[in-house]
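Here is what each chain is made of, one letter per residue.
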Amino acid sequence: MEGEEETSAGAMIDEIYSNGGDAKRNRPIISGEALDIEAYASLYSGRTKITRLLFIADRCENRQMQMEAYRMAYDEIKKGENTQLYREVVQKIDGRLGPQYGLDVPWTEAVDRKAEQRKEKLENELNAYRTNLIKESIRMGYNDFGDFYYAHGLLADAFKNYVRTRDYCTTSKHIIHMCLNAILVSIEMGQFTHVTSYVSKAEQTPEAVDPVTVAKLRCAAGLAHLEAKKYKLAARKFLETGAELGNNYTEVIAPQDVATYGGLCALASFDRTELKNKVIDNLNFRNFLELVPEVRELIHDFYSSHYASCLDYLGNLKVNLLLDIHLHDHVETLYDQIRHKALIQYTHPFLSVDLRMMANAFKTSVTGLEKELEALITDNQIQARIDSHNKILYARHADQRNATFQRVLQTGNEFDRDVRAMLLRANLLKHEYNLKASRKL
């Protein structure tokens, strides 16, 4: 009998912990395994692929992962022409990957020599175009210079040359091309104020912009808002990103990033109604969420009030999110905001909550939970008081009867004021006490 009672009690407690779940689910939680660097790097192209690999190598504590990231970055750099970055990576590797990943002097000299010849050729061509005053040729000349500097890692010079093409743009397509180049370099430099500015310029072009470009601009704007810690605006931009994005912007962002950034920002900043309407029921964003099942599941868990499962997903994702070049600075803030929203949502339906059960549901100690709730009560985010002796949270619900009477009285006073004003106006018009404003010519 005792065994049966314990079993039924355990089932009841599990149901309370799920706070709204139908039954205890045995859904697999993602493993906290190390990031698959090869699979991760394959999502990107160009300079961002290298910078992301180097970011992982610099921040990762796992030596095997670090060396793998350096090896892949080395191989990727040798496909390009950035000899300065190549030398820096060789210095960081410091012979730990063997002689084949040492400094290739003949290669660097050959690339530098070729770069000098290319630069001289571009200068001669641009001077000829400027002498002949051919706008389209001058635009292409500056654009080629921008590409040249970007390929060699001279981002400030690349930005200047891309922006100079603006004076020689003759169509909306040219302006959008210039804006996308300026946005790309600005993101690489971390100048997100420029990103916002050039996204706005591109969106103001008179002609209709194709869906792929619109999706790129939404992503760029989302990254700028994320960097500025405007998480709600960032979430909206990522949620508005069209499925047309696909793999067309891998030099900046992968579709999986759109799902992760958009999902986490939405969880941290949206209320339940917005989360349902703009995220869960958003057919367009669902295409992105399917690429990252973990984010999809934690959003559904959060909305369904399965907080233990949701926090498990977040905990397993955290290590890899801290290795993300754009998200790493925001992980702690976003996680805190999501947790606070979960605590508020958990307590909202109840008049009283047992802190021991709540602490178990959120996988924390009662003391730690009390401190979190105290902070939320102080910030006026939870209307409640804590019985520290009995470990119970009592909700302070407003007096609905009194509030209704107050609203009725306020409505009555407003109606009385409006009627009196109407009668006064009617009497003034009746007795012709109206003043016509004289217009000054």
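Heads up: the structure comes first, above all this text.
None of these values were measured; they are calculated from a predicted model. (Residues numbered from 1 in each chain as written. Predicted model: local features only at pLDDT ≥ 70, side-chain atom pairs only at ≥ 80, totals over all residues. Heavy atoms only, no water.)

K.L.:
Which residues make up the overall build of the chain, and what values go with them?
P.N.:
A count of helical and extended segments in the chain gives 21 helices and three strands. Across the 441 residues of the chain, 41% fall into the buried class. Considering only residue pairs separated by 6 or more positions, the chain has 62% of its internal contacts joining residues 24 or more positions apart. Per element, the accessible surface of the chain, about 25000 Å² overall, is 51% carbon and sulfur. (Helix = DSSP H or I, 4+ residues; strand = E, 2+ residues; numbered from the N terminus. Buried < 20%, exposed > 50% of the residue type's maximum accessible area, 1.4 Å probe, protein only. Contact = heavy atoms within 4.5 Å. Areas by Shrake-Rupley, 256 points an atom, 1.4 Å probe, with all protein chains shown as cover.)

K.L.:
Give me unusual backbone geometry: which residues, what numbers.
P.N.:
Of note in this structure, Lys229 is not a glycine but carries a positive phi near 65 degrees. On the secondary structure map, Lys229 appears in the loop between α11 (211-227) and α12 (231-240). Positive phi, normally seen in glycine, also occurs at Ser305, with a value near 70 degrees. Its location among the elements puts Ser305 in the loop between α16 (293-303) and α17 (307-321). Take Ser305: its relative accessible area is 12%, and that puts it in the buried class.

K.L.:
Give a detailed account of the side chain of Lys216, specifying residues and quantitative values.
P.N.:
Counting through the fold element by element, Lys216 comes out in helix α11. As a buried residue without a salt bridge, Lys216 has its nearest oppositely charged side chain in Glu251, at a separation of 4.6 Å. (Lys, Arg positive; Asp, Glu negative; His and termini not counted. Salt bridge = Lys/Arg side-chain N within 4 Å of Asp/Glu carboxyl O.)

K.L.:
Please set out the pairing of strand β2 (residues 384-387) residue by residue, giving values where relevant.
P.N.:
When β2 meets strand β3 (residues 392-395), the two strands line up antiparallel, connected through four bridges. Residue pairing in the sheet places Ile386 in a bridge with Leu393 of β3. If you look at the hairpin formed by β2 and β3, you'll find four residues sitting between the two strands, and Lys391 has a positive phi there, around 60 degrees. (Pairing = 2+ DSSP bridges.)

K.L.:
Could you give me a rundown of the side chain of Gln66, with the residues and numbers involved?
P.N.:
Here Gln66 shows up in helix α4 (residues 63-77). What Gln66 contacts, discounting residues up to four positions off in sequence, is Ala57, Cys60 and Arg96.

K.L.:
Now, about the packing of aromatic side chains: what can you tell me, with residues and values included?
P.N.:
Considering all chains together, one arrives at eleven aromatic pairs under this definition. Geometrically, the ring pair formed by Phe238 and Tyr261 is edge-to-face, given 5.7 Å between the ring centres and 65 degrees between the ring planes. Residue Phe238 is located in helix α12, and its partner Tyr261 is located in helix α13 (residues 255-269); the two are separated by 23 residues in the primary sequence. Judged by relative accessible area, Phe238 falls into the buried class, the value being 0%. Grouping aromatic residues by their ring pairs yields a cluster made of Tyr74, Tyr86, Tyr101 and Trp107. A cation sits over an aromatic face here: Lys201 above Tyr198, 4.9 Å from the ring centre. Positioned above the aromatic ring of Phe270 is the side chain of Lys278, whose terminal nitrogen or guanidinium carbon lies 5.7 Å from the ring centre. (Phe/Tyr/Trp six-rings, centres within 6.5 Å; stacked < 30°, edge-to-face > 60°. Lys NZ or Arg CZ within 6 Å of the ring centre and 35° of its normal.)

K.L.:
Could you give an account of the pairing of β3, with specific residues and numbers?
P.N.:
Pairing geometry for strand β1 (residues 352-354) and β3, over three bridges, is antiparallel. Considered in β3, the bridge of Ser352 is made with Tyr394.

K.L.:
I'd like to hear about the packing of helix α10 (residues 192-203) against α11, residue by residue, with values.
P.N.:
Packing of α10 against α11 leaves a shortest axis separation of 9 Å and a crossing angle of 150 degrees. In terms of their interaxial angle, α10 and α11 are classed as roughly antiparallel. Seen from above, α10 lies across α11 with left-handed handedness. Facing α10, whose interface residues are Phe192, Val195, Thr196, Val199, Ala202 and Glu203, α11 presents Leu217, Arg218, Ala220, Ala221, Leu223, Ala224 and Glu227. Tallied by class, residues from the contact of α10 with α11 come to nine nonpolar, one polar and three charged. (Axes fitted to C-alpha atoms, helices over the stretch in contact; angles between N-to-C directions. Parallel < 35°, antiparallel > 145°, perpendicular 65-115°, else oblique. Left-handed = near helix turned anticlockwise from the far one by under 90°. Nonpolar A, V, L, I, M, F, W, Y, C, P; charged D, E, K, R; others polar.)

K.L.:
Got a sec to walk through the nonpolar core? Specific residues and values, please.
P.N.:
Ranked by size, the top nonpolar core spans 92 residues in total, and within it Ile183, Ile253, Val279 and Phe362 carry the most contacts. Counting residues per element, this core draws most heavily on helix α9 (residues 172-189), at nine residues. Counting residues in hydrophobic clusters, the runner-up holds 30 residues, among them Ile50, Cys60, Ala69 and Ala73. (Core = buried A, V, L, I, M, F, W, Y, C linked by side-chain atoms within 4.5 Å.)

These figures capture arrangement, not role.
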